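Listed below, chain by chain, are the residues.
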Amino acid sequence: MTGFIQITDTHIVAPGALACGRSDTAEALRRAVATINAKLPSLDGIDCVIVTGDLTDHGAPEEYAHFTSIMAELKRPWLAVPGNHDTREPMRAAFPDAAWMPTQGPIHWVRELGPFTIVGLDTLQEGARHGALGSEGLAFLDTALDDLGDKPVIVATHHPWIHAGIPAMDTDNLHDGAQLMARLEAYPGPIRMISGHVHRAVVGQIGRITCQIGPATCHAVLTDHHAARDPQLVLEPGAITVHRWVETPSPGFVSDVIPIGAFSGPWPFSD
Ligand SMILES: [Fe+2]
Ligand SMILES: [Fe+2]
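Residues numbered from 1 in each chain as written. Chains lettered and ligands numbered in written order. Predicted model: local features only at pLDDT ≥ 70, side-chain atom pairs only at ≥ 80, totals over all residues. Heavy atoms only, no water.

### Some remarks on the nonpolar core
Counting residues in each nonpolar core, the largest one holds 44 residues, and the members touching the most others are Trp78, Phe95 and Trp100. At the level of elements, β1 (3-7), α1 (25-39), β2 (46-52), α2 (61-71), β3 (78-81), β6 (153-156), β12 (239-246) and β13 (252-259) are the ones that each hand at least two residues to this core. Apart from the residues lying within four places of it in its own chain, the contact partners of Trp100 are Trp78, Leu79, Ala80, Phe95, Ile107, His108 and Trp109. Among the nonpolar cores identified, the runner-up in size contains 27 residues, and Val119, Met169, Leu174 and Val221 belong to it. (Core = buried A, V, L, I, M, F, W, Y, C linked by side-chain atoms within 4.5 Å. Buried < 20%, exposed > 50% of the residue type's maximum accessible area, 1.4 Å probe, protein only. Helix = DSSP H or I, 4+ residues; strand = E, 2+ residues; numbered from the N terminus. Contact = heavy atoms within 4.5 Å.)

What follows is the structure, encoded as structure tokens:
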């Protein structure tokens, strides 16, 4: 296996309800699952799907049950880290058969894919919108990286550290991201950070680390670099992100953001 698909910020609510009174997040996730299933035959070596947080809108058990029922159609296993809209114990209770789910404590995990490894980190601070790893999360990362030597790694979190340029979102980023980044900078192998939370496709570079934020499956957050108020919801198209390890022309990670849905084509590039 050489790759995986990231989805993020699915924000599932109770059956029949709309998130924020206007966003049909369940239908958006159903369409995301259908898009992934339809794309799989065309994609090389997709091992699993990683959900980078905000699985639900309120962390309620019935929302996790709704999420589970929709994801049951997915033709790959999936793993998840929580976001600020999740609640840790209801999330743990909702997925009792998941091998990646720790029996207690933060929901960190490690997934081996062959040429590289994914380290999922729980940044949820219950009751807060911002994220943090704390000493426990940083210690989990230290142990995981020590075990990997210099193997290529993707670190997956809900909260990014880079600023997307949306002030109200940037305030609620990963508050101890500097400590995380120092560890990633010191790692001897190729390493990338992927996150969610901002509901937009954003890429930044901090030192030698590419930090990528995946677009949500459902609604987006309005890009407004001057906004002084709370973030604004816009019903832009959702998307998935395919992350792969490639050997040519130079070994490294390559990521492809693919819109959710079925579109006209394909056709040959000829008149
Ligand atoms: Fe979100
Ligand atoms: Fe979030």
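### Concerning the packing of α1 against α2
Interaxial distance between α1 and α2 falls to 9 Å at its minimum, and their mutual angle equals 25°. The angle between the axes of α1 and α2 places the two elements in the roughly parallel class. Like other packed secondary-structure pairs, α1 and α2 cross with a definite hand, here right-handed. Seen from α1, the contacting residues are Ala26, Leu29, Arg30 and Val33; seen from α2, they are His66, Phe67, Ile70 and Met71. (Axes fitted to C-alpha atoms, helices over the stretch in contact; angles between N-to-C directions. Parallel < 35°, antiparallel > 145°, perpendicular 65-115°, else oblique. Left-handed = near helix turned anticlockwise from the far one by under 90°.)

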